[in-house]
Amino acid sequence: MFRWHPRPTALRRTAAAKHLLPPFVRARQVGPREFSAPPPLRARFSTRIVGDEPILVRDFIRSALYDPEHGYFSQRSGSVGVLERSFKFNRLEGRKDYMEHLDKIYRQSDISWFTPVELFKPWYAHGIAEAIMRTANLSVPLKIYEIGGGSGTCAKGIMDYMKLNAPDRVYNSMTYTSVEISPSLAKIQRETVGEVLSHSSKFRVECRDATDRSGWGDRQDQPCWVIMLEVLDNLPHDLIYAETQTSPWMEVWVEKQNDRETLSELYKPLEDPLIKNCLEIVNSAKKQASSSGVRLMADTLWSKIFPRPRRCWLPTGCLKLLQVVHEALPKMSLIASDFSYLPDVRIPGERAPLVSTKKDGSSSDYNSYLDAKGDADIFFPTDFWLLERIDHFCSGWLKLHEAASSKQGRKRRTITLDTSSFMEEFGLPSRTRTKDGYNPLLDDFKNTKFYLSVPTHNIK
């Protein structure tokens with residue numbers, strides 16, 4: 001049961017805020033950025049990813065990010081930053097002072113980005129811990145899994161909060177497992193959490209791929225929590241293409257050109273089961289949210305008069321991950337946070353990613369995902385409406401080919417909140433406020449959201 005009882009002031013906005021243009025966090029990097037000229041597609045590692053046979057786009061992205069030797073997260077432990085000390089927001093004058101301080105940190109380090117949980121430690125993690133305490137069944141041992149735990153700051157912050165605020169029996173019996181694919185980040189997590197001696201016996205890191213079902217072992221029917229902070233944006237996606245608005249979708253593959261150093265796209269009819277499954281969920285979501293038949297007819301007529309190609313990015317990595325997690329942990333409760341929108345995206349297509357690299361303190365964006373060669377981050381916006389549909393599908397409630405969805409009770413109770421709403425409800429916003437009232441956590445993260453999903457009594 002979702003036992004969240006919102007306070008009346010949780011979603012309140014100040015009158016002054018209504019007159020401000022809401023700023024967006026520019027992806028994960030708040031320091032200086034540049035836009036690169038289109039570089040030639042002659043990336044040594046990129047061409048090594050693709051062998052003699054073409055590969056799906058999701059496999060290309062997975063290798064570019066997670067290849068054990070050359071992938072972005074595998075070779076760059078410095079891709080995720082760790083602040084030596086927490087920000088003292090009450091000592092900063094306002095937004096200008098905050099931005100100058102943050103810009104200085106980025107320029108002095110080789111860090112690609114600082115995650116929100118790092119920038120606002122420990123308060124960001126404390127908000128998540130409070131949400132867990134309010135909704136969890138604390139009569140059973142608290143079990144938490146975090147997928148993609150970064151530097152371990154979230155894990156330490158949550159365990160600190162439980163140690164200070166939860167009943168002793170809750171903290172003493174809790175377990176916290178980090179599922180981390182990067183060995184270098186796994187090492188950092190152990191060091192971060194190990195700073196508090198009593199946490200060590202309750203915390204462990206499993207260095208593995210969370211989408212591999214075998215790594216989860218036997219099905220676990222006990223209640224637990226799964227945390228995913230800025231994980232969905234780095235999951236591999238597939239790309240589909242159509243010549244016109246009315247043409248059938250085709251899978252996009254990546255292949256080498258005859259010169260063996262240049263990559264190009266290859267289009268094939270839809271055959272991959274994961275792509276087809278994800279596309280069906282996307283289409284079902286669009287049908288539910290579709291407008292009137294008159295509007296649909298008008299769109300069809302317009303597409304015939306002005307035909308143009310279509311490109312659509314599918315979160316097949318998210319679908320695969322949630323399928324695995326739901327199967328392994330059917331009674332899990334989920335907290336996920338990510339970007340709902342990314343500004344200045346140069347790559348075409350619905351839900352298209354940013355491909356960004358950093359050099360000499362400045363970030364630059366590529367024009368093509370094919371330019372990623374192990375030194376570039378590839379991250380996607382999260383469609384939270386679609387995420388909810390995928391979650392319901394993986395729980396077994398949403399049926400794509402049957403009418404059973406409406407006859408059976410939902411197996412998940414879900415809610416999506418803006419980051420500011422989540423933190424106003426569960427966090428301590430006063431701790432991230434500057435002298436003049438500016439609050440970067442509430443004011444600068446307008447393009448990020450939290451998704452909460454808990455099981456109902458309809459789980460068999």
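Rules used in this analysis
- Residues numbered from 1 in each chain as written.
- Predicted model: local features only at pLDDT ≥ 70, side-chain atom pairs only at ≥ 80, totals over all residues.
- Heavy atoms only, no water.
- Helix = DSSP H or I, 4+ residues; strand = E, 2+ residues; numbered from the N terminus.
- Expected span 1.5 Å × (residues − 1).
- Buried < 20%, exposed > 50% of the residue type's maximum accessible area, 1.4 Å probe, protein only.
- Core = buried A, V, L, I, M, F, W, Y, C linked by side-chain atoms within 4.5 Å.
- Contact = heavy atoms within 4.5 Å.
- Pairing = 2+ DSSP bridges.
- Axes fitted to C-alpha atoms, helices over the stretch in contact; angles between N-to-C directions.
- Phe/Tyr/Trp six-rings, centres within 6.5 Å; stacked < 30°, edge-to-face > 60°.
- Lys NZ or Arg CZ within 6 Å of the ring centre and 35° of its normal.
- 1 Å grid on protein atoms, 1.4 Å probe; cavity = no way out; pocket = protein on both sides within 12 Å on 5 of 7 lines; lining within 4 Å.
- Points joined across faces, edges and corners; volume = space filled by probe spheres on them.
- Nonpolar A, V, L, I, M, F, W, Y, C, P; charged D, E, K, R; others polar.
- pLDDT = per-residue confidence, 0-100.

Caption draft 1: Examining helix H7 (residues 153–165) more closely. Its 13 residues place the ends of H7 18 Å apart at the C-alpha level, agreeing with the 18 Å of an ideal helix rising 1.5 Å per residue. Most of H7 sits inside the fold, with 10 of its 13 residues counted as buried. Buried residues of H7: Thr153, Cys154, Ala155, Lys156, Gly157, Ile158, Met159, Asp160, Tyr161 and Met162, and no others.

Caption draft 2: The nonpolar core, seen in detail. With 79 residues, the main nonpolar core has Ile128, Ile132, Ile158, Met162, Tyr176 and Tyr369 as its most contacted residues. With seven residues, the top contributor of residues to this core is helix H6 (residues 123–135). Other than its neighbours up to four places away in sequence, Met162 contacts Ala129, Ile132, Met133, Leu142, Tyr171 and Met174. Leu322, Ala328, Ala336 and Tyr451 belong to the second largest nonpolar core, which has 44 residues in total.

Caption draft 3: Fine view of the side chain of Glu388. Among the structural elements, Glu388 can be located in helix H13 (residues 384–395). Residue Glu388 is classed as buried on the basis of its relative accessible area, which comes to 17%. Setting aside anything within four residues of it in sequence, one finds Glu388 in contact with Thr414 and Tyr451.

Caption draft 4: Just the sheet that holds strand S6 (residues 224–229), in detail. The seven strands lie next to each other as S5-S4-S3-S6-S11-S16-S15, forming an open sheet whose pairing is mixed. The outermost strands of the open sheet, each flanked by one partner alone, are strand S5 (203–207) and strand S15 (412–418). Sheet twist, expressed as the mean angle between neighbouring strand axes with direction ignored, is 15°. Two strands pair when backbone bridges link them, and S6 and strand S11 (residues 332–339) are joined in this way by six bridges, in the parallel orientation. Looking at S11, one finds that Trp225 is bridged to Ser333. Running at roughly 105° to S15, helix H15 (residues 419–426) makes contact with S15 and strand S16 (448–455) of the sheet.

Caption draft 5: The arrangement of the packing of aromatic side chains in detail. Here the structure, examined in full by the defined rule, presents 16 aromatic pairs. Ring geometry for Phe120 versus Phe445: centroids 5.5 Å apart, planes at 75°, classification edge-to-face. Placement of Phe120 in the loop between helix H5 (116–119) and H6 and of Phe445 in the loop between helix H16 (440–443) and S16 is noted, with a sequence separation of 325 residues between them. Phe445 shares its class with Phe120; the two are buried. For the pair Trp313 and Tyr369, a centre-to-centre distance of 5.3 Å together with 90° between the ring planes defines the contact as edge-to-face. Of this pair, Trp313 sits in strand S10 (residues 310–314) while Tyr369 sits in the loop between strand S13 (362–365) and strand S14 (376–379); the two residues are 56 residues apart in sequence, bridging distant segments of the chain. A network of ring pairs unites the aromatic residues Phe87, Phe89, Tyr98, Phe120, Tyr438 and Phe445 as a single cluster. Sitting above the plane of the Trp253 ring, Lys268 keeps its charged end 3.9 Å from the centroid. Just above the ring of Trp249 sits the side chain of Arg310; from NZ or CZ to the centre is 4.1 Å.

Caption draft 6: Representation of empty space enclosed by the protein in the model. What the rule picks out here adds up to six cavities of 30 Å³ or more. Quantified by volume, the largest cavity comes out at close to 510 Å³. Along its surface, the largest cavity is lined by 34 residues, and Ile147, Gly148, Glu180, Glu230 and Val231 are the ones closest to its centre. Elements with a contribution of two residues or more to the lining of the largest cavity: helix H2 (57–66), H5, strand S3 (143–147), H7 and strand S4 (175–180). Residue composition of the lining of the largest cavity, grouped by class: 18 nonpolar, nine polar and seven charged.

Caption draft 7: Representation of the confidence of the model for the protein within the structure. Summarising the model, the protein shows a mean pLDDT of 84, and 78% of its residues fall at 70 or more. Note on residues 1–23: pLDDT is under 50 here. Beyond four places in sequence and across chains, it has 40 contacts.

Caption draft 8: Summary view of unusual backbone geometry. Cis geometry marks the peptide bond from Lys121 to Pro122; its omega dihedral reads 0°. Inspection of the secondary structure assignment puts Pro122 in the loop between H5 and H6. Backbone geometry at Glu230 places phi at a positive 50°, although glycine is not the residue there. With phi around 60°, Arg351 is a residue other than glycine that occupies positive phi space. Within the fold, Arg351 resides in the loop between S11 and strand S12 (354–359). Under the relative-accessibility criterion, Arg351 is labelled buried at 11%.

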